[in-house]
Amino acid sequence: YYRAVADWLLPELVERPLSLLRCPDGVGAQCFFQKHHSDSLGADVHPVTLRESDGEADYVYVDDIEGVLALVQMNTLEFHPWGAKRDAPDRPDRLVFDLDPDEGISWSDLKRAAREVRDRLEEIGLRSWVRLSGGKGVHVCVPIVPDSDWGAAKAFCEAFADAMVAQSPLHYVATASKAARKGRIFIDWLRNARGATSVASWSLRARAGAPVAMPLRWDELSRTKSSADFNLKRALRRAASLRADPWEGFAKVRQK
């Protein structure tokens, strides 16, 4: 699968620190996240030294499909890149709003929420692109010029989420509290911090049925029926038949 979708996947991964979800005994057994480099990952998987709160550590990055496949051979199912490149880890170049619905929220309501986030972003001059998470949510992703630090990015995302809640308090919540989320959609802005990650487009998810985190054009969202609309087989068909990148322009837009 990963070799077949490499042309679409690699722009999401290369030159970014990665967190890996590894499942040595399959998705029905214990899986674990790994972010630090180990020589056992092989010569095609590279270390990048990054600052941590208590010093420095070597994180993982890849620069080609051979690195991806080496990680797959080590039972990696999911790839979660940073929102910054390894050579500028403190300068984010993308923001992600993860719309996480409470139980009982309909899929049509979640799609409507994603479009509303898009529209509110457009009002302040920011274009966004949409991704099915492959879990239960939708990601609204915003590329930015990497000239601000993580503190500014996090403050902006928190303020944006709070403003959405202030406008529609019966529909949205901006806190991770399960109690506060009841009957609402959590606008998860917490992924926009140094060291936080979000699943890569085209990554498999370690869930029953092998769903895929799938990037879409906004007009495609209306035809979806769930966040897990694309399983491995359907994703392979899409990768083979796509004539244009559904996120065309994402990497080239210059916005602040």
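Before reading on, note that the structure itself is shown above.
Chemist: Account for the nonpolar core, with residues named and values stated.
Modeler: Ranked by size, the top nonpolar core spans 59 residues in total, and within it Tyr2, Val68, Leu71, Phe97, Leu99 and Trp202 carry the most contacts. Beyond its immediate sequence surroundings of up to four residues, leucine 99 is in contact with Leu110, Ala113, Ala114, Val117, Gly137, Val138, Val140, Ile185, Phe186 and Ile187.

Chemist: How would you explain the packing of aromatic side chains if you had to name every residue and give the values?
Modeler: Enumeration according to the criterion identifies eight aromatic pairs in this entry. A centroid spacing of 5.8 Å and a plane angle of 80 degrees characterise the contact between tyrosine 59 and tryptophan 82, whose relative ring orientation is edge-to-face. Here tyrosine 59, found in strand β4 (residues 55–61), pairs with tryptophan 82, found in the loop between β5 (76–81) and β6 (94–101); they are 23 residues apart in sequence, far enough to count as distant. For the residue pair tyrosine 59 and tryptophan 82, the accessibility class agrees, reading buried in each case. Grouping aromatic residues by their ring pairs yields a cluster made of Tyr1, Tyr2 and Phe79. Residue placement shows arginine 118 over the ring face of tryptophan 218; its charged tip is 4.8 Å from the ring centre. Sitting over the ring of phenylalanine 230, arginine 234 keeps its end group 4.1 Å from the ring centre.

Chemist: Now, about helix α6 (residues 232–241): what can you tell me, with residues and values included?
Modeler: Along an α-helix, residues three or four positions apart point the same way, because every turn accommodates 3.6 residues. When α6 is considered as a whole, its buried residues turn out to be Ala235, Arg238 and Ala239. Within α6, the buried residues cover an arc of 100 degrees as seen down the axis, which keeps them to one side. Among the exposed residues of α6, those oriented more than 90 degrees off its buried face are Lys233, Arg237 and Ala240. Considering only its buried residues, α6 is in contact with α1 (6–13), β11 (214–216) and α5 (218–221).

Chemist: Describe the state of the cysteines, and please don't skip the residues or the numbers.
Modeler: This structure, assessed with the given rule, holds one disulfide. Between cysteine 23 and cysteine 31 runs a disulfide, and the two sulfur atoms are separated by 2.1 Å. As the torsion about the S-S bond is roughly 115 degrees, the cysteine 23-cysteine 31 disulfide counts as right-handed. The class of cysteine 23 is buried, set by a relative accessible area of 5%. Look at cysteine 31 and you get partly exposed, because its relative accessible area is 22%. In this structure cysteine 157 is not part of a disulfide, and its nearest cysteine sulfur, from cysteine 141, lies 11 Å away.

About the criteria used
- Residues numbered from 1 in each chain as written.
- Predicted model: local features only at pLDDT ≥ 70, side-chain atom pairs only at ≥ 80, totals over all residues.
- Heavy atoms only, no water.
- Core = buried A, V, L, I, M, F, W, Y, C linked by side-chain atoms within 4.5 Å.
- Buried < 20%, exposed > 50% of the residue type's maximum accessible area, 1.4 Å probe, protein only.
- Contact = heavy atoms within 4.5 Å.
- Phe/Tyr/Trp six-rings, centres within 6.5 Å; stacked < 30°, edge-to-face > 60°.
- Helix = DSSP H or I, 4+ residues; strand = E, 2+ residues; numbered from the N terminus.
- Lys NZ or Arg CZ within 6 Å of the ring centre and 35° of its normal.
- Arc of directions from axis to C-beta.
- Disulfide = S-S within 2.5 Å.

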